[in-house]
Each structure stands twice: as C-alpha cells, then as structure tokens.
Amino acid sequence: MSHHLTHLKELEAESIHILREVAAQFEKPCILFSGGKDSIVLTYLAWKAFYPARLPFPLVHIDTGHNFPETLTYRDALVEKLGADLVVGYVQQSIDEGKVREETGYNASRNKLQTVTLLDTLAAHKFDCACGGARRDEEKARAKERIFSHRDEFGQWNPKNQRPELWNIYNAKKDIGEHFRAFPISNWTEMDVWQYIYQQGIELPSLYYTHRRRCFQRDGQWLAADPPFIPRRPEEEVVELEVRCRTIGDVTCTGLTRSHAHALEDIIDEIAASRVTERGGRADDKRSETAMEDRKKQGYF
C-alpha cells in the first residue's frame, strides 16, 4: 500500500494545518464567505479540520445588495447544514450612514464599497483574523500575499513590509487594533480547487453550471441583463445564451462565460483548455493596472 500523498492531499493537509494554526493563535477568527467556490472549499476544509467538533469560525458575508439570488440561497442552506454562525455586513447600511457614496453611471458597482463595510464588521465583532479564499494564482497582487497577512490599525495592507514565513512558521504577533488576514488555500490553483470539489463531492451554487440567462455584452464581457441596478446603453442588445459563472462576486462586475459545462467533469475539461485567466471576466479588475492591489491596500479581501 502506497503512503505517498497525492498533490491534493498535500494541499489539503497544508490548509488544515494553517486553519488549526489560526484557531490556536487568534482569539476570535472568522471566515470571509462570498458564496464563491474558493470560500466554499475553505469552509469545507475548516469543517473537516475540526470535525466532529462544531465549526469554530463564524462565516462573515459582506452583502453588497447586488448579489445573485442563487448565492444567498446557497449561503443560507450551507449555514443551516453546518450549524454555523453567520455574520452579515450590509453595504447599503454603509451608504445610508454616509460612510461611502454610491457610484453612478453605466459602470457603477458596489464592489469597491465593500471595503468600508468589511472593516466596520470586523471591528464591530472584534474579529482579530479573517480567513479568506484568495489564491496566489488568481491575480498579481494576491501573488504577493503572505499566508498570515498583517493589517495595521486602519485595516490597510503594506505589500512592501511583510513578514517572512519560513518552514511553515506563522507570526501572528500584533498590536492593539491591528488584525490579520489568513489565506489557507494560497498555494492552490484554480484547477486544484475544481479537482478537489470533484473528488470530495462538494455542492456548489447552480451559477457555476451552464444555464440559460438573458445577457448583454459590454467591453467584450457578457453581463446579466435582468438585474435593475445594471443600466444598459441603448446599443447594448439583450440576448439569451447558455452561460455559467467562472467566478462569483457582485452581479455588476461578474462576467459570464459561454459554456456547455453541465457537470464538474465538463468544467474541469473547460478550465484545462481555457487560455483566459479566472478573473479575466471580472470588470472590477480592469479599472486600472493596479486595481486589485489598490483595493487591497485599503483593506479589501
């Protein structure tokens, strides 16, 4: 009998080790839950790391008010299934309190506004570490992150002043008011995530599978046409297509991929053949060359 670990088992073991380090080193950690596949896998790993005990981390969801309904349905079902605690921060509340200003125009999005709501939610509940499902292969700014990523008293990230991480030793020392973000699946790739989902039989929101949806094209991307908060230009024609989400976020900036992937095996084959990056369909990353890094410095996921 072979005792060699497969690469997925190695990644799983590393992530579980990190999650247990988070539980050991921090007083009140949480999991940032978007309803996307990465946060779902992260939650599953946390459940597995502490089973049969109850999931020790509450799930924190920042609700932009512009979510896919399928995402919220899945979130609530998962919380009930795991018996997890759920904390929701509402961007609309931040707008109503005058802390952020609603964007206007055809390209308006609430995605950037999440940062203030996130920082307020972490502070209100005194969370000292927020675990996220970001991966280094997603985007160049995220490739710079440490697994234990320090945030100052303003919730900001300094990519030029990060702590070394040698021999899987993670430094959680912080001053009052500071906190950490932890990224247990940093070393996973998009393909690793999909293969793990397939191997473990993890349920996903229906958005990830091909379905028919009314869409319109803008700047080379297909966007959902039905939400009333996405204004269309007169020339942007609505058509019905077979599409799926490759990554899920705020509806206003989540591009849809034309697809015939009705099963996990189809998705894996599709990803293997794709030459477009996972976040290639995210409009929020295209606002500038450093869009993600700028948001992260301010306290974004």
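Right above here is the structure, for reference.
A brief look at the structure comes next.

What counts, and where the lines are drawn
- Residues numbered from 1 in each chain as written.
- Predicted model: local features only at pLDDT ≥ 70, side-chain atom pairs only at ≥ 80, totals over all residues.
- Heavy atoms only, no water.
- Axes fitted to C-alpha atoms, helices over the stretch in contact; angles between N-to-C directions.
- Helix = DSSP H or I, 4+ residues; strand = E, 2+ residues; numbered from the N terminus.
- Parallel < 35°, antiparallel > 145°, perpendicular 65-115°, else oblique.
- Contact = heavy atoms within 4.5 Å.
- Nonpolar A, V, L, I, M, F, W, Y, C, P; charged D, E, K, R; others polar.
- Buried < 20%, exposed > 50% of the residue type's maximum accessible area, 1.4 Å probe, protein only.
- Patch = residues over 30% accessible without salt bridge, like charges linked within 9 Å, V, L, I, M, F, W, Y side chains within 5 Å.
- Areas by Shrake-Rupley, 256 points an atom, 1.4 Å probe, with all protein chains shown as cover.
- Salt bridge = Lys/Arg side-chain N within 4 Å of Asp/Glu carboxyl O.
- Pairing = 2+ DSSP bridges.

Between helix H1 (residues 7–25) and helix H2 (residues 37–50), the least distance of the axes is 9 Å, while the angle of their chain directions is 75°. Judged by the inter-axis angle, H1 sits roughly perpendicular to H2. Contacts between H1 and H2 involve Glu12, Ser15, Ile16, Leu19, Arg20 and Ala23 from the former and Leu42, Leu45, Ala46, Lys48, Ala49 and Phe50 from the latter. Taken together, the residues of the contact of H1 with H2 break down into eight nonpolar, one polar and three charged.

Between Tyr51 and Pro52 the backbone carries a cis peptide bond, its omega angle lying at 10°. Assignment of secondary structure puts Pro52 in the loop between H2 and strand E2 (59–63). A positive phi is found at Asp219, a non-glycine position, where the angle reads about 50°. The class of Asp219 is exposed, set by a relative accessible area of 66%.

The next point concerns a nonpolar patch on the surface. Taken together, the side chains of Leu166, Trp167 and Ile169 make up a nonpolar region of the molecular surface, amounting to roughly 420 Å² of accessible area. Within the element layout of this structure, Ile169 appears in the loop between strand E5 (148–151) and strand E6 (179–182). Owing to a relative accessible area of 55%, Ile169 belongs among the exposed residues under this scheme.

Time to look at the sheet that holds strand E4 (residues 129–131). Taken in spatial order, the six strands make up an open sheet running E3-E2-E1-E4-E6-E5, and their pairing is mixed. On the outer flanks of this sheet lie strand E3 (86–90) and E5, each paired with one strand and no other. This sheet shows a mean twist of 30° between the axes of neighbouring strands, independent of strand direction. Sheet topology note: the strand E1 (residues 29–32)/E2 ladder contains two bridges and is parallel. Bridging from a neighbouring strand, Leu32 pairs with Val60 of E2. Strands E1, E2 and E4 of the sheet are contacted by H2, whose axis makes an angle of about 145° with E1. Of the strands in this sheet, E2 and E3 are in contact with helix H3 (residues 69–82), which crosses E3 at around 150°.

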